[in-house]
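Working through the structure, step by step
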Amino acid sequence: METPPKQQAMGEKVLRYEAFISDVLHRDLQKVLDHRDKVYEELSKYLQLRNVIEHLQEANRSELHMQVDLGCNFFVDTVVSDTSRIYVAIGCGFFLELTLAEALKFIHRKSNLLTELSNSLTKDSMNIKAHIHMMLEGLRELQGLQDIPEETHQ
């Protein structure tokens, strides 16, 4: 028994909408969330650096003994003879030698920028999620399904 042309057209529309949701919206959402995670990682590194600088200022030592990771978790002991200046990665592979006070200013500005960027990415992800929800509601209506009761979280 053949399906009526109206049902067949509706089935094709449903498949196109489902493909759009899975191929476009979910992919875009994943990209935005991945980008936001990278921004959070960078922000975490700058905040960690800020804590190290504040401890250096509190300790007020001219010399510092530490371990440096050369890669692949291979550490070597080193001595920093002058702790009054620090090299900070400013982006695009460039480093800048700054005093501790200048580095704290830079970190404050950079962390504010990264926080704004993460907030913007969070809003973008919420918009994409809203579009996904709207598309799913449209599919539900197209297919004539009833509301599915939402689970209550306790």
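Preceding this section is the structure that the text describes.
Description of the structure in this document. Everything numeric here is computed off the predicted structure, so don't read it as measured data.

About the criteria used
Residues numbered from 1 in each chain as written. Predicted model: local features only at pLDDT ≥ 70, side-chain atom pairs only at ≥ 80, totals over all residues. Heavy atoms only, no water. Helix = DSSP H or I, 4+ residues; strand = E, 2+ residues; numbered from the N terminus. Contact = heavy atoms within 4.5 Å. Axes fitted to C-alpha atoms, helices over the stretch in contact; angles between N-to-C directions. Parallel < 35°, antiparallel > 145°, perpendicular 65-115°, else oblique. Left-handed = near helix turned anticlockwise from the far one by under 90°. Nonpolar A, V, L, I, M, F, W, Y, C, P; charged D, E, K, R; others polar. Core = buried A, V, L, I, M, F, W, Y, C linked by side-chain atoms within 4.5 Å. Buried < 20%, exposed > 50% of the residue type's maximum accessible area, 1.4 Å probe, protein only. Expected span 1.5 Å × (residues − 1). Bend = angle between axes of the 7 residues up to and from the residue. Pairing = 2+ DSSP bridges. Lys, Arg positive; Asp, Glu negative; His and termini not counted. Salt bridge = Lys/Arg side-chain N within 4 Å of Asp/Glu carboxyl O.

1. Some words on the overall build of the protein
- Of regular secondary structure, the protein possesses 2 helices and 4 strands.
- Start at the N end of the protein and walk to the C end: the helices and strands fall as α-β-β-β-β-α.
- Dimensions of the protein along its principal axes, counting C-alpha atoms only, are 85 × 30 × 30 Å.
- Contacts in the protein between residues at least 24 apart in sequence constitute 55% of all its contacts with a sequence separation of at least 6.

2. Let's talk about the packing of helix α1 (residues 5-59) against helix α2 (residues 100-143)
- In the contact formed by α1 and α2, the axes pass within 8 Å of each other and the chain directions differ by 165°. On the basis of their axis angle, the class for α1 and α2 is roughly antiparallel. In this structure, the crossing between α1 and α2 has a hand that is left-handed.
- Considered class by class, the residues forming the contact of α1 with α2 number 32 nonpolar, 10 polar and 9 charged.

3. Observations regarding the nonpolar core
- Ranked by internal contacts, the top residues of the largest apolar core, which has 25 residues, are I21, L49, I53, I86, V88, A103 and I132.
- Secondary structure elements with two or more residues in this core: α1, β3 (85-91) and α2.
- Top contributing element to this core by residue count: α1, with 12 residues.
- With residues near it in sequence (within four places) discarded, I86 still touches L49, I53, L96, E97, L98, L100 and A103.

4. Remarks on α1
- The first and last C-alpha atoms of α1 sit 79 Å apart over 55 residues, in line with the 81 Å expected at 1.5 Å per residue.
- By the largest-angle criterion, I21 marks the main kink of α1, which is about 30°.

5. Looking at the pairing of strand β2 (residues 75-80)
- One ladder, built from 6 bridges, connects strand β1 (residues 64-69) with β2; its direction is antiparallel. Across the sheet, V68 pairs through a bridge with V76, a residue of β2.
- Counted along the chain from β1 to the antiparallel partner β2, the turn is 5 residues long, and its residue G71 has a positive phi close to 125°.

6. Let's talk about the side chain of K110
- With respect to the helices and strands, K110 occurs in helix α2.
- Although K110 is buried, it forms no salt bridge, and the closest oppositely charged side chain is E42 at an N-O distance of 4.0 Å.
- If we ignore the near neighbours within four places in the chain, the residues touching K110 are E42, Y46 and I90.

Keep in mind these values describe shape, not function.
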